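Take a look at the letters that make up each chain.
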Amino acid sequence: ETGVTQSPTHLIKTRGQQVTLRCSSQSGHNTVSWYQQALGQGPQFIFQYYREEENGRGNFPPRFSGLQFPNYSSELNVNALELDDSALYLCASSLTRQGTYNEQFFGPGTRLTVL
Amino acid sequence: KQEVTQIPAALSVPEGENLVLNCSFTDSAIYNLQWFRQDPGKGLTSLLLIQSSQREQTSGRLNASLDKSSGRSTLYIAASQPGDSATYLCAVRGTGRRALTFGSGTRLQVQP
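Residues numbered from 1 in each chain as written. Chains lettered and ligands numbered in written order. Predicted model: local features only at pLDDT ≥ 70, side-chain atom pairs only at ≥ 80, totals over all residues. Heavy atoms only, no water.

**Student:** Please explain the environment of Cys91(A) as it appears in this structure.
**Tutor:** Residues and elements named next belong to chain A. With respect to the element layout, Cys91 can be found in strand E9 (residues 87-94). For Cys91 and Gln68, which are 23 residues apart along the polypeptide, the C-alpha to C-alpha distance reads 12 Å. The residues touching Cys91, leaving out its near neighbours within four places in the chain, are Val4, Gln6, Cys23, Val32, Ser33, Trp34, Phe105, Phe106 and Gly107. (Helix = DSSP H or I, 4+ residues; strand = E, 2+ residues; numbered from the N terminus. Contact = heavy atoms within 4.5 Å.)

So this is what it looks like as structure tokens:
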């Protein structure tokens with residue numbers, strides 16, 4: 001069974017640029033959640049995707065967007081990068097069944113630095 | 001809005017000591033609570049998950065308790081080892097919510 005994988009591991013961008021981060025969910029999982037973790041803080045929920053649709057969103061602006069593909073992998077896109085977007089971006093996959101919220105399994109993260 | 005607080009923010013103990021990490025949350029209407037371990041610059045490793053109907057969970061030297069009515073959870077680590085050094089995060093999932101709400105973590109250092 002393959003765990004959650006994320007790419008790239010590290011990324012350096014400049015202000016105003018756009019970035020795409022990728023996540024492959026664990027085998028058998030159909031739901032992907034994205035979190036942003038600033039240095040010294042706990043992760044903050046960005047959004048969740050289920051059945052290729054956004055299924056909940058945290059307090060993040062529209063320049064944070066995402067996609068989920070038929071194989072349940074996902075992308076996080078951030079436009080017009082700001083210095084404060086520098087963080088560890090974590091992806092978590094889980095299995096959603098009717099009325100059941102199952103455990104989320106996290107990937108190793110992508111470290112984004114915005115200069 | 002759910003808020004999760006972890007105390008202390010940092011803890012340093014000698015090897016072999018038993019220790020308790022605390023987590024409190026403001027909204028007791030939770031679905032479950034999860035404890036994670038995070039090594040520097042790495043992702044999260046799930047340690048224990050407690051459903052709202054449960055009082056505690058155990059795994060090896062770890063024991064987590066949940067008191068929903070008081071909005072508190074504790075993570076007990078027995079006979080600490082230098083390899084336990086990491087940041088420990090508590091996360092709560094509310095009823096009807098997809099997201100986990102995290103505390104800021106407790107940074108633990110176990111000295112040999």
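This is not the end of the story, as more comes after the structure.
**Student:** Any chance you could explain the interface of chain B and chain A here in plain terms?
**Tutor:** Accessible area lost during the coming together of the parts is what is often quoted as the interface size. Across the boundary between the two partners, chain B contributes 21 residues, which contact 21 residues of chain A. Seen at the junction of chain B and chain A, the total is zero salt bridges. Viewed at the interface, chain A and chain B are joined by five residue pairs in polar contact (both at pLDDT 80 or more). Looking at the side of chain B that touches chain A, the elements that each hand over two or more residues are strand E4 (30-38), strand E5 (44-51), strand E9 (86-94) and strand E10 (100-102) of chain B. In terms of residues, the side of chain B that touches chain A owes the most to one element, E4(B), which gives five residues. (Salt bridge = Lys/Arg side-chain N within 4 Å of Asp/Glu carboxyl O. Polar contact = N/O pair within 3.5 Å; in protein donor to acceptor, adjacent residues only side chain to side chain.)

**Student:** Got a minute to help me understand the state of the cysteines in this structure?
**Tutor:** Put plainly, two cysteines are in a disulfide when a covalent bond ties their sulfur atoms together. Overall, the coordinates contain two disulfides over all chains when judged by the stated rule. Paired by a disulfide, Cys23(A) and Cys91(A) hold their sulfur atoms 1.7 Å apart. Around the S-S axis, the bridge from Cys23(A) to Cys91(A) shows a dihedral of about -55° and counts as left-handed. In this pair, Cys23(A) is assigned in strand E3 (residues 19-24) and Cys91(A) in strand E9, connecting sequence segments 68 residues apart. Of the two residues examined, Cys23(A) and Cys91(A), each falls in the buried class. A sulfur-sulfur distance of 2.0 Å marks the disulfide that ties Cys23(B) to Cys90(B). Judged by the torsion about the S-S bond (-55°), the Cys23(B)/Cys90(B) disulfide is left-handed. Taken as a pair, Cys23(B) in strand E3 (residues 19-25) and Cys90(B) in strand E9 lie far apart in primary sequence, 67 residues in all. (Disulfide = S-S within 2.5 Å. Buried < 20%, exposed > 50% of the residue type's maximum accessible area, 1.4 Å probe, protein only.)

**Student:** Would you mind showing me how to read the layout of surface pockets here?
**Tutor:** A water-sized probe, rolled over the atoms, reveals where empty space remains. By volume, the largest pocket is sized at about 550 Å³. For the largest pocket, the lining is made up of 23 residues, of which Gln44(A), Phe45(A), Lys1(B), Gln2(B) and Thr101(B) are closest to its centre. For the lining of the largest pocket, the elements supplying multiple residues, two or more each, are strand E5 (44-50) of chain A together with E9 and E10 of chain B. Roughly 370 Å³ of volume is contained in the second largest pocket. Lining the second largest pocket are 20 residues, with Gln37(A), Gly40(A), Gln38(B), Pro40(B) and Thr87(B) positioned closest to its centre. If one sorts the elements of the lining of the second largest pocket by residue count, E9(B) sits on top with three residues. (1 Å grid on protein atoms, 1.4 Å probe; cavity = no way out; pocket = protein on both sides within 12 Å on 5 of 7 lines; lining within 4 Å. Points joined across faces, edges and corners; volume = space filled by probe spheres on them.)

**Student:** How should I be thinking about the packing of aromatic side chains in this particular structure?
**Tutor:** For any two aromatic rings, the description comes down to two numbers: the centre-to-centre distance and the angle of the planes. In this structure the tally under the stated criterion is eight aromatic pairs over all chains. Between the aromatic rings of Phe106(A) and Phe102(B), the centroid separation amounts to 6.1 Å while the plane-to-plane angle is 80°, which identifies the pairing as edge-to-face. Of the two residues, Phe106(A) sits in strand E12 (residues 105-106) while Phe102(B) sits in strand E10, which places them in two different chains. Phe106(A) gets classed as buried once you look at its relative accessible area, which sits at 10%. Exposure remark for Phe102(B): the relative accessible area of 7% places this residue in the buried category. Three or more aromatic residues link up through ring pairs in this structure, and these residues are Tyr35(A), Phe45(A), Phe106(A), Phe36(B) and Phe102(B). (Phe/Tyr/Trp six-rings, centres within 6.5 Å; stacked < 30°, edge-to-face > 60°.)

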